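Chain by chain, the residues:
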Amino acid sequence: MKRLFGVIGDPISHSMSPMMHNDAFKNLKIDGYYQPFRITPEDLATAIKGMKVIGIEGFNVTIPHKTSILPLVDRLDPLAKAIGAVNTVVRDGNDYVGYNSDGLGFICSLQERWKKDFKNEKTLIIGAGGAAKAIYYSLASVGVKKIDISNRTTARAQGLVDHCPFKCETNILDFPQARQNLGAYTLVIQTTSIGMSPNINEIPFSLENMLPNTHAVDIIYNPLETKFLTEARQKGATTQNGIGMFVHQGAIAFEKWTGIKPDIIRMENIVMQHLGG
């Protein structure tokens, strides 16, 4: 009998995770299968119990369940608890353990595409949603010393800072302040949905003050190059889209489930082919 894994969300038909993980099972000759499950919010608790009963060994969690699943797992990894969201569940005996690999996936992609050590970089995160929180807490947890946050509403950004359990020097800026002070940062991370297809001509704010050799990251991967990344590249910045984060967070989950590291390049090629890149 195949080992069963999956992803839960609503909607879920758009997910690229099944093709990525099922190819990894096949490539590594693991007798496993990864199935997407559309689960509505009202059915979530019942579904988690059913998944445990039928022996599902692990699954990913996507919108809208990343927060609501917290009380439904048996244990929480400390980082997932701090972030307040779970995107990966691993079966340990009869327990489901919740993890958050989004921020760690981002860090792995940053080390792969940019540099291994970025603890002393002056960092700006644009946005204060769930992805921003995962990235901010994960960067702080590995010792990044200065991370500023810019958001339309500064109160939401302040909430991220107030509840962060890791030591980090952080200033809160609104979008006009971030635009004005953009030259102070060597790493700029765009985490909002601004610029995502179909609204591909949008950008959080002008990058006129960005300096050359800044590293600019947009966690969006559809389109492959957002207007934010286009403008950053035109200013002489190195750029990176969200594919690396998506692939690496999936690879972290795969290794937690199987104990085997998948082929990152192969996973990325599958995603790129699907996106037409």
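For the structure, check the block above.
In what follows, the accompanying structure is described.

Thresholds, definitions, all that
- Residues numbered from 1 in each chain as written.
- Predicted model: local features only at pLDDT ≥ 70, side-chain atom pairs only at ≥ 80, totals over all residues.
- Heavy atoms only, no water.
- Phe/Tyr/Trp six-rings, centres within 6.5 Å; stacked < 30°, edge-to-face > 60°.
- Helix = DSSP H or I, 4+ residues; strand = E, 2+ residues; numbered from the N terminus.
- Buried < 20%, exposed > 50% of the residue type's maximum accessible area, 1.4 Å probe, protein only.
- Lys NZ or Arg CZ within 6 Å of the ring centre and 35° of its normal.
- Pairing = 2+ DSSP bridges.
- Contact = heavy atoms within 4.5 Å.
- Axes fitted to C-alpha atoms, helices over the stretch in contact; angles between N-to-C directions.
- Parallel < 35°, antiparallel > 145°, perpendicular 65-115°, else oblique.
- Left-handed = near helix turned anticlockwise from the far one by under 90°.
- Nonpolar A, V, L, I, M, F, W, Y, C, P; charged D, E, K, R; others polar.

## As for the packing of aromatic side chains
Thought 1: Applying the stated criterion across every chain, the model contains eight aromatic pairs.
Thought 2: On the basis of an interplanar angle of 40° and a centroid distance of 5.1 Å, the ring pair of F25 and F254 is categorised as tilted. In this pair, F25 is assigned in helix α1 (residues 17-27) and F254 in helix α9 (residues 243-258), connecting sequence segments 229 residues apart.
Thought 3: Relative to Y96, the ring of F59 lies with its centre 5.4 Å away and its plane at 85°, an arrangement referred to as edge-to-face. Taken together, the positions of F59 in strand β3 (residues 58-61) and Y96 in strand β6 (residues 95-99) put the pair 37 residues apart, joining distant regions of the chain. By the burial criterion, F59 is buried, and Y96 matches it.
Thought 4: An aromatic cluster is present here, built from F5, F25, Y34, F254 and W257 joined pairwise through their rings.
Thought 5: The ring of Y99 carries the charged tip of K256 above its face, separated from the ring centre by 4.1 Å.

## A look at the sheet that holds strand β5 (residues 88-92)
Thought 1: On the basis of which strands lie adjacent, the open sheet formed by six strands has the order β2-β1-β3-β5-β6-β4 and mixed pairing. The sheet terminates laterally at β2 (32-38) and β4 (75-76), the two strands that pair on one side only.
Thought 2: Across seven bridges, strand β1 (residues 3-9) lies against β2 in parallel orientation. Each bridged residue has a counterpart across the sheet, and for G9 the counterpart in β2 is R38.
Thought 3: Across the sheet, α1 touches β1, β2 and β3, and the angle it forms with β2 is around 165°.

## Some points on the packing of helix α4 (residues 102-113) against helix α5 (residues 130-141)
Thought 1: Packing of α4 against α5 leaves a shortest axis separation of 7 Å and a crossing angle of 65°. In terms of orientation, α4 lies roughly perpendicular with respect to α5. At the point where α4 passes α5, the crossing takes the right-handed sense. Between α4, through D102, G103, L104, F106 and I107, and α5, the contact on the second element is made entirely by A134, I135, S138 and L139.
Thought 2: The residue inventory of the contact of α4 with α5, partitioned by class, reads six nonpolar, two polar and one charged.

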